[in-house]
Amino acid sequence: MSRLDIFIDRMTSQRACINFAAQATADLAGPVFELGLGNGRTYHHLCKVITGRDIYVFEREVASNPASTPPADRTILGDVFETLPQALQRFGATASFIHADLGGHNLQKNDEFARKISPYIEPLLAVGGMMVASDRMYFDALCEIEIPEGAVLGRCFIYQKP
Ligand SMILES: C[S@@+](CC[C@H](N)C(=O)[O-])C[C@H]1O[C@@H](n2cnc3c(N)ncnc32)[C@H](O)[C@@H]1O
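Residues numbered from 1 in each chain as written. Predicted model: local features only at pLDDT ≥ 70, side-chain atom pairs only at ≥ 80, totals over all residues. Heavy atoms only, no water.

(A) Molecular detail of the sheet that holds strand E7 (residues 157–160). Reading across from one edge, E3-E2-E1-E4-E5-E7-E6 is the order of the 7 strands in this open sheet, with mixed pairing throughout. Every interior strand has two partners, whereas the edge strands, strand E3 (75–77) and strand E6 (143–145), have only one. For this sheet the average axis-to-axis angle between neighbouring strands, irrespective of direction, equals 20°. Alignment of strand E1 (residues 32–35) against strand E2 (residues 55–59), held across 4 bridges, turns out to be parallel. Directly across from Glu34, in E2, lies its bridge partner Val57. (Pairing = 2+ DSSP bridges. Helix = DSSP H or I, 4+ residues; strand = E, 2+ residues; numbered from the N terminus. Axes fitted to C-alpha atoms, helices over the stretch in contact; angles between N-to-C directions.)

(B) Region of the structure containing the pattern of salt bridges. Enumeration over the complete set of coordinates arrives at 4 salt bridges. Close ionic contact of Arg74 with Asp54 constitutes a salt bridge, the shortest N to O distance being 3.6 Å. Taken together, the residues span a long stretch of sequence, with Arg74 in the loop between E2 and E3 and Asp54 in the loop between helix H2 (41–49) and E2 at a distance of 20 residues. Since its relative accessible area comes to 36%, Asp54 is described here as partly exposed. For the salt bridge of Glu144 with Arg136, the shortest nitrogen-to-oxygen distance reads 3.0 Å. With relative accessibility at 43%, the residue Glu144 sits in the partly exposed group. (Salt bridge = Lys/Arg side-chain N within 4 Å of Asp/Glu carboxyl O. Buried < 20%, exposed > 50% of the residue type's maximum accessible area, 1.4 Å probe, protein only.)

(C) Spotlight on the pairing of strand E4 (residues 95–100). The buried fraction of E4 amounts to 6 of the 6 residues, a majority that puts the element mostly inside the structure. Inspection of the sheet shows E1 paired to E4 by 4 bridges, in the parallel sense. Bridging across to E4, Phe33 finds its partner in Ile98. Where E4 and strand E5 (residues 125–133) come together, 5 bridges link them in parallel fashion. Bridge assignment links His99 to a residue of E5, and that residue is Val132. The parallel pair E4 and E5 is bridged by helix H4 (residues 107–121), and the resulting crossover is right-handed. (Right-handed = clockwise from strand over helix to strand, strands pointing away.)

(D) Here's a closer look at the pairing of E5. Counting buried positions along E5 gives 7 out of 9 residues, so the element sits mostly inside the fold. Taken together, the 4 bridges between E5 and E7 define a ladder with antiparallel strand orientation. Its bridge partner lying in E7, Val132 is registered against Ile158.

(E) A look at the site of the ligand. By nearness alone, 16 residues border the ligand, and Gly40, Thr42, Glu59, Val80 and Asp101 come closest of all. Thr42 places a side-chain nitrogen or oxygen 2.7 Å from a nitrogen atom of the ligand. One of the side-chain N or O atoms of Asp79 is found 3.4 Å from a nitrogen atom in the ligand. Contact with the protein chains removes 83% of the 600 Å² of surface that the ligand exposes when unbound. (Near = heavy atom within 4 Å. Polar contact = N/O pair within 3.5 Å; in protein donor to acceptor, adjacent residues only side chain to side chain. Areas by Shrake-Rupley, 256 points an atom, 1.4 Å probe, with all protein chains shown as cover.)

This is the structure in structure tokens:
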């Protein structure tokens, strides 16, 4: 597979999994968290498919396309290892949907990062809430669920709090 193939699979899978989780959690009232704004493409997509729920973005430094830059009062700036524990104090276990795309090009580093960040993400989810990630996560009590049609195995992962 070329890098282009892998990139396309990742984007297609992100969209399919975000669409699936947005719909599957639509009855939950809690906030939606976007971890890693980057260019803002997935944030922009979340804004299109989520209605009636606040979307908060966690990012070290905002450098997104102006068309997909979140409002300041929904942007939680800083390193997620610091801002996620603060979010737990602020919101408790209420997140209905968390999407994470925090990795870069180095797969081994992404995996190490996923191992470290998983325990910071897990307590934020509400019962029934879903987490979509571009990397395999390492949760104690969340269940991995089957990815939807249109997503490519290994390119996106979905977890749910039972
Ligand atoms: C791959 S990009 C996200 C791309 C985005 N999903 C999009 O569609 O444009 C990853 C982002 O995660 C952010 N990030 C990585 N590690 C972080 C950390 N420890 N704390 C906060 N943000 C982090 C980076 O600054 C980068 O903007």
